[in-house]
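# Structural overview for review
Here's the letter readout for the chains.
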There are 2 protein chains.
Amino acid sequence: MSGKVTIATVAHHAQVSRQTVSNVLNSPHLVREETRGRVLAAIETLGYRANQAARQMRTGRSRLIAVRIEPANDGINGSILDRFLHGLTEAAAPAGYRIMLYTATGDDNEIATYDDLLASYDLDAFVLTSTHHGDARTTWLAEHDIPFVTFGRPWGAPDRHPWVDVDGAAGTAEATERLIAAGHRRIGFIGWPTGSGVGDNRREGWYAAMRAADLDPSGLERRVDDGVAEGRRSAQDLLAGAGPTALVCASDSLALGALRADARAPVAVIGFDDTPVAQAISLTSVGQPLAESAASCVELLARLLDGDTHSGRPQHVLLRPHVVVRDSG
Amino acid sequence: MSGKVTIATVAHHAQVSRQTVSNVLNSPHLVREETRGRVLAAIETLGYRANQAARQMRTGRSRLIAVRIEPANDGINGSILDRFLHGLTEAAAPAGYRIMLYTATGDDNEIATYDDLLASYDLDAFVLTSTHHGDARTTWLAEHDIPFVTFGRPWGAPDRHPWVDVDGAAGTAEATERLIAAGHRRIGFIGWPTGSGVGDNRREGWYAAMRAADLDPSGLERRVDDGVAEGRRSAQDLLAGAGPTALVCASDSLALGALRADARAPVAVIGFDDTPVAQAISLTSVGQPLAESAASCVELLARLLDGDTHSGRPQHVLLRPHVVVRDSG
DNA sequence: TTGTATGCGTTATCAA
DNA sequence: TTGATAACGCATACAA
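Read on for a plain summary of the structure. (Residues numbered from 1 in each chain as written. Chains lettered and ligands numbered in written order. Predicted model: local features only at pLDDT ≥ 70, side-chain atom pairs only at ≥ 80, totals over all residues. Heavy atoms only, no water.)

### What to know about unusual backbone geometry
Its identity as a non-glycine residue notwithstanding, S130 of chain A has a phi of 40°, on the positive side. Mapping S130 of chain A onto the fold places it in the loop between β3 (125–128) and α7 (136–143). Under the relative-accessibility criterion, S130 of chain A is labelled partly exposed at 38%. Although it is not a glycine, D145 of chain B adopts a positive phi angle of roughly 60°. Within the secondary structure, D145 of chain B is located in the loop between α7 (136–143) and β4 (148–151). You can call D145 of chain B exposed: its relative accessible area is 67%. (Helix = DSSP H or I, 4+ residues; strand = E, 2+ residues; numbered from the N terminus. Buried < 20%, exposed > 50% of the residue type's maximum accessible area, 1.4 Å probe, protein only.)

Written as structure tokens, this is what we have:
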């Protein structure tokens, strides 16, 4: 059944030269229709698939995209990467690309890994996650002219490279509006300390939605590190002060904590990220369109790699998250 | 700085032939020490890394291992794969292997993917997860002589292939013993319906531990589909009947449900898998040694691929999970 | 429209 | 112990 089917096998079977087979694959318009049909039939019959290694030797392209897999660090939010990776793999396959994994500790180590991966496997591109302020990785990649796309905006830096991101502000705004529509007037926000792009962005949505509804957000906000305990403390604190009847949180961890602030004074709570935890405890949460984000990453990369770079189409994609309604709000 | 450093560049730099460089890399014993030193120095200086594509053309080996990434289906337990994948990637790198991802829906589709991956990328091996009864994949791979290892025992089938698994029974036994040591006498078990290898195995540990302590397990067991609601119902059911004071569960989902069975009659609960959910709600849970499992998979594969197959070392690895103690039990 | 020749970077075979 | 040469499978320039 097998026994290494090469372009020569196909050529022999279809009674043409090896070159003609190659043409059918790479420049079909050069081949007469009848010949092409014969060759394609042979390819089908023999189950021929081009050998990537050989192709790569000639073209210098591996059709491989590398992504870093991080340890599920904080656990509760880590499970997002899982779904993103799945989406990436699924979107890349039909475009003819495969996903290769790597790990790294810190930006410098990651850059060294790029070098290694590039030299050994001739990677076509990288997908970067968790972009942050002063990201050395994007600088290095850009300098070396390596195609890449980030999942996450280049916070605080000029966006010279293609990126895909989720509009966190739109998410918290939708959550806030939903609570307003449900009759809440004093809606609090628990988020991360000022300075993180993602965190500030999520806070923005709540703030804007409150103002848009002529509600006063002052005193209704706490900024703390991520964590269940922190969420709980912040919620208790708010409850004792401004006394919100609902809370929008920057993460499911914070939301889970908020949910347990006070059993006697139940507040509506909406989390962020729609993690497994939210599903498990029936927490309403803002869910990111991870599969769609991944597909967009692949699309931007494919465009880059297939030379279509000057088509003028947008290099940036901002996707809207949506509130997944459950029992908590 | 770069500009494609090949074996020829190194040869030139070290004043030797290309072949000698290759020998230094692949058969060092053939090269005089002084020459070898010179070549290695050149390699270091130039930052040479062998081109995998070219190497693969000659050797037929890609140093690529494929793993399937599944959609985080049920969410709560899906996050396990994440950590396993990370471990795999981390363990494979030092052994000179890289991890490639693929997706598939159903065994047949997965087998078609094998064929594709093998033909295009010359994959060296596969790591299979979620093995099940009558697994068509292992049969196919074995028939085609493709090296592979499964994470999960070949339930109900003769184990002709290398596998790595976690001793679920040991985990639930440890959980049960822990509860016994804490003074509990009536310890219940909530697990999955009879017939799933993993589920039956986890039940075994509880049963054995109860008997070993001269405790009567009868009436203290419920078998239901996985899920928070199912866990809750089962726990309420048990509480109303045999009245256990503690519960061992086959999953964190079930455990979470059990925890909410009755706020007025708190029972000790221990879950399984130590998912992010367990961490979030401070649920004591049996944690699988995922990184270690992944490392074992790589080790078994490396042994297989490096021809060391007849060394007589064991092809099966059974690892012990451990209870991660938190507030619930 | 089709066929011939060449080279990508590496390793295996063989000769020096 | 080292070096020359061929071959892996494919794609490109060029000739027919």
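Now that the structure is up, let's keep going.
### Comments concerning the sheet that holds β3 of chain A
Across the sheet, twelve strands lie side by side as β11(A)-β5(A)-β4(A)-β3(A)-β1(A)-β2(A)-β2(B)-β1(B)-β3(B)-β4(B)-β5(B)-β11(B); this open sheet has mixed pairing. With partners counted over all chains shown, the strands left at the sheet margins are β11 (316–319) of chain A together with β11 (316–319) of chain B, one partner each. Going from strand to strand, the sheet's axes swing by 20° on average, the running direction of each strand aside. As defined by bridge partners, strand β1 (residues 64–68) of chain B adjoins strand β2 (residues 98–102) of chain B across five bridges and the pair is classed as parallel. (Pairing = 2+ DSSP bridges. Axes fitted to C-alpha atoms, helices over the stretch in contact; angles between N-to-C directions.)

### Concerning the sheet that holds strand β12 (residues 322–324) of chain A
Residues and elements named next belong to chain A. The sheet built from six strands is open, its strands ordered β7-β6-β8-β9-β10-β12 with mixed pairing. Two strands bound the open sheet, and with one partner strand each, they are β7 (221–223) and β12. Mean inter-strand twist for the sheet, computed between neighbouring axes without regard to direction, equals 20°. Bridge analysis of strand β10 (residues 284–287) against β12 gives three bridges, and the strand direction is antiparallel. Considered in β12, the bridge of G287 is made with H322. Contacting β6 (187–191), β7, β8 (246–249) and β9 (268–272), helix α9 (residues 197–212) crosses the sheet at an angle of about 170° to β6. In the packing of helix α10 (residues 228–240) onto the sheet, contacts are made with β6, β7 and β8, and the angle to β6 comes to roughly 150°. (Contact = heavy atoms within 4.5 Å.)

### Things to note about the relation of the copies chain B and chain A
Its rotation angle being 180°, the transformation that places chain B on chain A also includes 0.0 Å of axial translation and leaves an RMSD of 0.1 Å. The two molecules are tied by a two-fold rotation axis, judged by turn and shift. Looking at chain B, 100% of its interface residues are interface residues in chain A too, so the copies touch through the same face. (Least-squares fit on C-alpha atoms with pLDDT ≥ 70 in both.)

### Examining the interface of chain B and chain A
Counting residues at the interface gives 48 residues for chain B and 49 residues for chain A. Between chain B and chain A, a total of about 4,200 Å² is buried, with carbon and sulfur atoms accounting for 59% of that surface. When residues of chain B are sorted by the area they lose upon contact with chain A, R49, D82 and R98 of chain B head the list and together hold 16% of the total. Our enumeration of links across chain B and chain A arrives at six salt bridges. Note that D116 of chain A is salt-bridged to R49 of chain B, the shortest N-O span being 2.8 Å. Taken together, the links from chain B to chain A amount to eleven residue pairs in polar contact (both at pLDDT 80 or more). (Buried area = accessible area lost by both parts, 1.4 Å probe. Salt bridge = Lys/Arg side-chain N within 4 Å of Asp/Glu carboxyl O. Polar contact = N/O pair within 3.5 Å; in protein donor to acceptor, adjacent residues only side chain to side chain.)

### Brief notes about the packing of helix α6 (residues 106–121) of chain B against α7 of chain B
All names here are of chain B. It is the contact of α6 with α7, at a shortest axis distance of 9 Å, that shows an interaxial angle of 30°. Classified by the angle between their axes, α6 and α7 sit roughly parallel to one another. Handedness of the α6/α7 crossing: right-handed. Seen from α6, the contacting residues are D107, E110, I111, Y114, D115 and L118; seen from α7, they are A136, R137, W140 and L141. Its residues assigned to classes, the contact of α6 with α7 comprises six nonpolar, no polar and four charged. (Parallel < 35°, antiparallel > 145°, perpendicular 65-115°, else oblique. Left-handed = near helix turned anticlockwise from the far one by under 90°. Nonpolar A, V, L, I, M, F, W, Y, C, P; charged D, E, K, R; others polar.)

### Structural notes on the packing of helix α8 (residues 168–181) of chain A against α9 of chain A
Residues and elements named next belong to chain A. Where α8 contacts α9, the axes come no closer than 7 Å and their chain directions differ by 35°. Regarding α8 and α9, the two cross each other, and that crossing is right-handed. Between α8 and α9, the contacting residues are G168, A169, T172, A173, T176, E177 and I180 on the first element and N201, R202, E204, G205, W206, A209 and M210 on the second. Considering only residue class, the contact of α8 with α9 consists of six nonpolar, five polar and three charged.

### A short note on the protein's contact with DNA strand D
Neighbouring DNA strand D are 26 residues; I7, Q19 and Y48 of chain A together with T20 and T35 of chain B lie closest to it. Here, DNA strand D places atoms within 4 Å of the protein, and 60% of those atoms are sugar or phosphate. Note that a phosphate oxygen of DNA strand D is positioned 3.2 Å from one of the side-chain N or O atoms of N26 of chain A. For DNA strand D, a phosphate oxygen lies 2.8 Å from a polar atom in the side chain of R55 of chain A. Of all elements in the fold, only α2 (18–26) and α4 (52–59) of chain A together with α2 (18–26) and α4 (52–59) of chain B reach the threshold of two or more residues within the surface near DNA strand D. If you tally residues by element for the surface near DNA strand D, the top one is α4 of chain A, at five residues. Partitioning the surface near DNA strand D into residue classes produces nine nonpolar, ten polar and seven charged. (Near = heavy atom within 4 Å.)

Remember, this is a structural readout, not a statement about activity or role.
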